Amino acid sequence: MQNPPSGQPNPPAGSGSTGSGLDPKIAGALSYIWIVGLIFFFIEKENRFVRFHAMQSILFGIANSVIMMVLVILAVVLTFAFGIGGAIVGGVIGTVVSMLVWVVWLIFWLFVLIFIVGLVYAAVKAYQGQIFKLPIIGNMAEKIVNK
């Protein structure tokens, strides 16, 4: 993107054109649909705004997938362990042990909710033309895009 002539204000972060022909703000917001972000990252060569949001979406999707796999495995293992342990022990202690299963699954669904809220918030910020960095992932995405 070229610099504006002197005396004119700098354009907003999401201005300019994209390789897809979409408005950069719309392309940035759509990038938070994981597979769309992957496509935009590879077809977009010039617009760093779109590339940043696409890469942030890709990294967020990978991190979420890893975290969800670990939590599901942990939840399933603990469900069996606590379920069997609760059945063997029985009584009040067995009930308390069995209730820990609900806590594990509650934590899993809280992570799902946090992921969805994070994606929606980042997409809204992209649509507003802002560069919003998710914790840790935002800096990684910026380094990759600026190479």
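Provided above is the structure to which this section pertains.
Teacher, can you tell me more about the overall build of the protein chain here?
Scanning the protein chain for helices and strands turns up 5 helices and 0 strands. Element order for the protein chain, N to C, with α for helix and β for strand: α-α-α-α-α. Taking all 147 residues of the protein chain together, the buried fraction comes to 34%. For the protein chain, long-range pairs separated by at least 24 residues make up 60% of all intrachain contacts whose partners lie at least 6 apart in sequence. Carbon together with sulfur atoms contributes 74% to the accessible area of the protein chain, which is approximately 9,300 Å² in total.

How should I be thinking about the packing of helix α3 (residues 48-89) against helix α4 (residues 91-127) in this particular structure?
When two helices pack together, you describe them by how their axes are tilted relative to each other and by the distance separating the axes. One way to put it is that α3 packs onto α4 with a least axis distance of 9 Å and a crossing angle of 170°. In terms of orientation, α3 lies roughly antiparallel with respect to α4. Here the contact of α3 with α4 is built from residues that sort into 23 nonpolar, 10 polar and no charged.

Teacher, can you tell me more about the side chain of Ser31 here?
Relative to the elements of secondary structure, Ser31 occurs in the loop between α1 (24-30) and α2 (34-43). Since its relative accessible area comes to 0%, Ser31 is described here as buried. Separated by 2.8 Å, the side chain of Ser31 and the backbone oxygen of Ala27 make a polar contact. For Ser31, the contacting residues outside a window of four places in its chain are Val36, Gly37, Phe40, Val50, His53, Ala54 and Ser57.

The rules behind these values
Numbering of residues starts from 1 in every chain and runs along the sequence as written. Residues qualify for local features only when their pLDDT is at least 70, as the model is predicted, and side-chain atom pairs are given and counted only at 80 or more; totals for whole chains, interfaces and linings, by contrast, use all residues. As a rule here, side-chain values cover all heavy atoms of the structure and leave hydrogens and water aside. In this text, helices come from DSSP runs of H or I with a minimum length of four residues, and strands from runs of E with a minimum of two, each type numbered from the N-terminal end. Classification of residues uses two cut-offs on accessible area relative to the type maximum, computed with a 1.4 Å probe and protein chains only: under 20% is buried, over 50% is exposed, and between them is partly exposed. Contacts were defined at the residue level, with two residues in contact if any of their heavy atoms lie within 4.5 Å. Accessible areas in this description were obtained via Shrake-Rupley with a 1.4 Å probe; residue shielding takes into account the shown protein chains only. To get an axis, fit a line to the C-alpha atoms, keeping to the stretch in contact for a helix; angles then go from 0 to 180 degrees between the N-to-C directions. For classification purposes, angles smaller than 35 degrees are called roughly parallel, those larger than 145 roughly antiparallel, those between 65 and 115 roughly perpendicular, and all remaining angles oblique. Under the scheme applied, nonpolar residues are Ala, Val, Leu, Ile, Met, Phe, Trp, Tyr, Cys and Pro; charged residues are Asp, Glu, Lys and Arg; polar residues are all the others, including Gly. Two N or O atoms form a polar contact when they lie within 3.5 Å of each other; inside protein one atom must be a possible hydrogen donor and the other a possible acceptor, and for residues adjacent in sequence the pair counts only when both atoms belong to side chains.

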